[in-house]
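Take a look at the letters that make up each chain.
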Amino acid sequence: MSIVEIRNLSYSYPGLNKPALINIDLTIEKGDFIILTGPSGCGKTTLCRCLNGLIPHFYNGDLTGDVIVTGLSVKDNPTSKIAQHVGFVFQNPENQLFALSVEKDIAFGLENLAVPRTEIRKQVDHALDLLGITNLRDNAPYELSGGQKQRVAIACILAMHPELMILDEPTSFLDPVAAKNLFEIIYALNKELGLTIILVEHRLDLLCTYANRVIIMDEGKVKADGIPRDILSSKEVLSLGIGIPKITKLYLELKASGIHLGDPPISVNEIAQEIRTLMLND
Amino acid sequence: MIEVENVSFTYPSGVEALKEINVKINDADFIAIIGENGAGKTTFIKHLNGILKPTQGDIYINGLNTKKASIAELSRDVGLVFQNPDHQLFCETVEDEIAFGLKNFGFNKDAISERVTWALNLLDLTKYGKVSPFMLSGGERKRVALATILAWDPKILVLDEPTIGQDFHQKDKLRQFIVQLNSQGRTVIMVTHDVEFVADCNPKVIVMSNNRIIATGSAREVLTNFDILAKASVLPPQITQLFIKLSDLGLPQNVIDLYEAKQLIIDLTKGRLNNEGL
Ligand SMILES: Nc1ncnc2c1ncn2[C@@H]1O[C@H](COP(=O)(O)OP(=O)(O)OP(=O)(O)O)[C@@H](O)[C@H]1O
Ligand SMILES: Nc1ncnc2c1ncn2[C@@H]1O[C@H](COP(=O)(O)OP(=O)(O)O)[C@@H](O)[C@H]1O
Ligand SMILES: [Mg+2]
Ligand SMILES: [Mg+2]
């Protein structure tokens, strides 16, 4: 069953003649875990804004085509309605935090959904724990480090249990262990509860093993869409300058030197296995 | 030269963000600072241009105590690019943003226009010269923040998470440019969570954890010291992870570089073939 239907979507920001999105057609299935990537400025954030209604409700400009998310036409429904189904983690965590304490910021979204008090407490505690920020619960968000703020922003959205979770470069401020934990948390939610994930990220090495689909954009268009293994080793993707993982690059370098390792690897375990196999067969 | 002597810092809220920091950074050093969220990295580098002053201890920039100098004075030599570009950008157009610092430092009109053009081009921003920084994407805004500082060519360049929002191509350009500036004698200090970027840049590395410096060394030494990395919530680069997995094949465990890795694997397979040939 599809959770997002985008038909012939184009969008231009006000005052700019170059469209930020051009004729996008995209269907996203319930339960997909999607990496959305592409060069800086290609339109990733703009596409995300179309999915939660920020475009067209907060950004003017020129929108054509249809966007249906969880059965709701984004044009015809207020963002408050869409927010009941779609969670959005902003690229810049500071645009999302405004309460006087971390705890209040996380509770805020739940209060808006009219969740009962005891349930709010439970969800807030759980989200704090998942993101490893229980010790910061009484801190003021503006007095936190960059990575701590980003963890709070993610906790706010996780606590709301959306059906579709959109995360716009959610690991840009996170330390490597925190980034890995985040991917594991959302991967578990994706597998166990069928939560649909759209995650914008440049560093594919960190998460291509979790995703079932990679979508690559360039200059406002979708340029490639497929399973991570095919996408990561395709010529077209290399020419777009997408950051393929180091081990995939090593595989391609070895191949160019006449060492063939089988299928393109997307994890350290896979390439280690292939090198072992090569050594045994030689 | 930067001398940091027994520096501690406590925020007004009471959080002790730096504890007894001692470090000396020489001219033309290239340093990466890594460490977990909240380790104190941003707090530390904000001391280098005097935005923050030590609660205890002293910092000398080329002999000048930061407590006795203004931010304006220090900034001519120490250019700091903030972690979040929104804390840095305030002008109406990208061009004005880049020209702002240059005007403050008394560059003449021609020099300003030359440097603005140069910086826009360097960071692929030429088409946005007349656009408001707030209409740009996150990665583009970060590049504007970088451009504003690079334009006045400070002797010491301090970059908080320079690769945020950058695609592979932009990251590689940035790396080449930083390495070039460094080879021309500029001191470069960058805070980053991107271990692959550190492995590519091959700087000296300072590891911070729990508001202290817990290790310093070459990129190779630090990125293959798993105890230290674990303390600072850092994972080794992919290449290093691979070579640990393959250590039983006789491969070294301290590899961080892709091309070194490639050569070692080629040698390994050749070694095999040669043995069989005998
Ligand atoms: N303005 C502030 N007021 C009070 N405490 C602060 C402030 N900014 C940071 N802190 C606290 O100081 C400590 C160090 O923060 P800092 O921003 O230096 O960390 P960091 O190493 O840069 O982390 P990150 O990787 O998340 O950016 C943290 O405990 C943080 O919560
Ligand atoms: N609020 C805005 N107003 C006008 N133009 C914008 C705005 N936000 C982004 N843009 C422009 O739209 C294009 C796509 O931006 P964005 O979707 O943020 O890219 P990214 O893929 O990096 O997320 C870029 O050219 C950017 O400059
Ligand atoms: Mg973006
Ligand atoms: Mg920081």
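None of these values were measured; they are calculated from a predicted model.

**Q** Could you give an account of the overall build of chain B, with specific residues and numbers?
**A** Looking only at helices and strands, chain B features 11 helices and 10 strands. Structurally, chain B occupies a C-alpha span of about 75 × 45 × 30 Å along its principal axes. Counting the 278 residues in chain B, one finds 56% classified as buried. Across chain B, the fraction of contacts at a sequence separation of at least 24, relative to all contacts at a separation of at least 6, is 62%. On chain B, roughly 11,600 Å² of surface is accessible, and the fraction owed to carbon and sulfur atoms is 50%. Between the averaged position of the 29 positive side-chain charges in chain B and that of its 34 negative side-chain charges there is a distance of 1 Å.

**Q** Describe the coordination of the magnesium ion (ligand 3), with residues and values.
**A** Residues and elements named next belong to chain A. Taken together, the protein ligands of the magnesium ion (ligand 3) are Thr45 (OG1) and Gln91 (OE1), with distances of 2.0 to 2.4 Å. Taken as a pair, threonine 45 in helix H1 (residues 44-51) and glutamine 91 in the loop between strand E6 (86-89) and helix H4 (102-112) lie far apart in primary sequence, 46 residues in all. Exposure class is identical for threonine 45 and glutamine 91. Each is buried.

**Q** Just give me the short version of the coordination of the magnesium ion (ligand 4), but keep the residues and values in it.
**A** Residues and elements named next belong to chain B. At 1.9 to 2.3 Å from the magnesium ion (ligand 4) lie its protein donor atoms, namely Thr42 (OG1) and Gln83 (OE1). Of this pair, threonine 42 sits in helix H1 (residues 41-46) while glutamine 83 sits in the loop between strand E6 (78-81) and helix H3 (94-104), placing them 41 residues apart in sequence. Threonine 42 sits in the partly exposed class, given a relative accessible area of 21%.

**Q** Can you break down the interface of chain B and chain A residue by residue, with the values?
**A** Every contact between the two is made by 50 residues of chain B and, on the other side, 51 residues of chain A. Together, the buried faces of chain B and chain A total about 4,300 Å²; carbon and sulfur atoms form 59% of this surface. Between A:Glu253 and B:Lys262 there is a salt bridge; the shortest N-O distance is 2.9 Å. The tally of links from chain B across to chain A stands at 21 residue pairs in polar contact (both at pLDDT 80 or more).

**Q** Could you give an account of the confidence of the model for chain A, naming the residues involved and the relevant values?
**A** Predicted coordinates in areas of low pLDDT are best not read in detail. Scored by pLDDT, chain A comes out at a mean of 93, with 100% of its residues at no less than 70. Element-level mean pLDDT values for chain A span from 78 in helix H9 (residues 235-240) of chain A up to 98 in strand E2 (residues 21-29) of chain A.

**Q** Any details on the sheet that holds strand E1 (residues 2-12) of chain A? Residues and values, ideally.
**A** Residues and elements named next belong to chain A. Taken in spatial order, the 4 strands line up as E2-E1-E4-E5 in an open sheet, and their pairing is antiparallel. Edge positions in the open sheet fall to E2 and strand E5 (72-73), since each of these has one partner strand only. Where strand E4 (residues 62-69) and E5 come together, 2 bridges link them in antiparallel fashion. Bridging across to E5, isoleucine 68 finds its partner in serine 73. Across the sheet, H1 is in contact with E1, E2 and E4; its angle to E1 comes to roughly 120°.

**Q** For the pairing of strand E1 (residues 2-10) of chain B, give the residues involved together with the corresponding values.
**A** Residues and elements named next belong to chain B. When E1 meets strand E2 (residues 16-25), the two strands line up antiparallel, connected through 6 bridges. Each residue of the ladder has a partner; that of valine 7, found in E2, is isoleucine 21. Between E1 and E2, which pair antiparallel and follow one another directly, the connecting turn spans 5 residues, one of which, glycine 14, has a positive phi of 100°. The pairing of E1 with strand E4 (residues 56-61) spans 5 bridges and is classified as antiparallel. From the neighbouring strand, glutamate 5 faces E4, where its bridge partner is aspartate 58.

**Q** Go over the layout of surface pockets, please, and point to the residues and values.
**A** Reported here for the second largest pocket is a volume of approximately 880 Å³. As for the second largest pocket, its lining consists of 44 residues, and the residues nearest its centre are A:Glu143, A:Leu144, A:Ser145, A:Gly146 and A:Gln148. Taken together, the elements giving at least two residues each to the lining of the second largest pocket come down to helix H6 (146-158) of chain A together with H1 of chain B.

**Q** How would you explain the domain arrangement of chain A if you had to name every residue and give the values?
**A** Residue and element names in this part refer to chain A. Here chain A is described as being made up of domain 1 (2-237) and domain 2 (245-282). When each unit is reduced to the centre of its C-alpha atoms, the spacing between domain 1 and domain 2 is 33 Å. Contacts between the two partners involve 7 residues from domain 1, matched on the other side by 8 residues from domain 2. Summed over both sides, the interface of domain 1 with domain 2 buries roughly 700 Å², with 74% coming from carbon and sulfur. The largest per-residue losses of area from domain 1 upon contact with domain 2 belong to Arg229, Leu232 and Ser233, which jointly make up 64% of the total buried on that side. Viewed at the interface, domain 2 and domain 1 are joined by 1 salt bridge. Of the charged contacts in the structure, one is a salt bridge between glutamate 270 and arginine 229, with a shortest N-O distance of 2.7 Å. One can count 2 residue pairs in polar contact (both at pLDDT 80 or more) joining domain 1 with domain 2. Each residue belonging to the side of domain 1 that touches domain 2 can be placed in one class, and the counts come to 3 nonpolar, 2 polar and 2 charged.

What counts as what
Throughout, residues of each chain are indexed from 1 in the direction in which the sequence is written. Just so you know, chain letters begin at A and ligand numbers begin at 1, following the order they were written in. For a predicted model such as this one, the threshold for reporting local features is a pLDDT of at least 70, and the threshold for listing and counting side-chain atom pairs is 80 or more; totals across whole chains, interfaces and linings nevertheless cover every residue. Side-chain measures here rest on the full set of heavy atoms in the structure, leaving out hydrogens and waters. Numbering of helices and strands starts at the N terminus; helices are DSSP runs of H or I of at least 4 residues and strands are runs of E of at least 2. Burial here depends on accessible area, computed with a 1.4 Å probe over protein chains only, as a share of the maximum for the residue type. Under 20% is buried, over 50% is exposed, and the range in between is partly exposed. Note on contacts: a residue pair is in contact if any heavy atoms of the two residues lie within 4.5 Å. Here the Shrake-Rupley method, with its probe set to 1.4 Å, supplies the accessible areas, and only the displayed protein chains count as covering residues. His residues and chain termini do not enter the charge count, which takes Lys and Arg as positive and Asp and Glu as negative. Here the site of a charge means NZ on Lys, CZ on Arg, CG on Asp, or CD on Glu. Coordination partners: N, O, S within 2.8 Å of the metal, 3.2 Å for Na, K and Ca; water not considered, so apparent gaps in a site are possible. Two parts placed together each lose some accessible area under a 1.4 Å probe, and adding up what both lose gives the buried area. Note on definitions: salt bridges are taken to be side-chain nitrogens of Lys or Arg within 4 Å of carboxyl oxygens of Asp or Glu. Any pair of nitrogen or oxygen atoms within 3.5 Å is treated as a polar contact; in protein, a donor-acceptor pairing is required on top of that, and neighbouring residues in sequence qualify only through side-chain atoms on both sides. Confidence per residue, as judged by the predictor, is encoded in pLDDT with a range of 0 to 100. Whether two strands pair comes down to DSSP finding at least two bridges between them. Every angle, taken between N-to-C directions, lies between 0 and 180 degrees, and every axis is a line fitted to C-alpha atoms, over only the stretch in contact when it is a helix. Cavity and pocket criteria rest on a 1 Å grid covering protein atoms alone: a 1.4 Å probe that fits but cannot get out defines a cavity, protein on both sides within 12 Å along at least 5 of 7 lines defines an open pocket, and an atom within 4 Å of a point defines a lining residue. Grid points are joined across faces, edges and corners, and a volume is the space filled by probe spheres set on the points. The domain limits used here are those given by an automatic or database domain assignment. Residue type decides the class: Asp, Glu, Lys and Arg count as charged, Ala, Val, Leu, Ile, Met, Phe, Trp, Tyr, Cys and Pro as nonpolar, and the leftover types, Gly among them, as polar.

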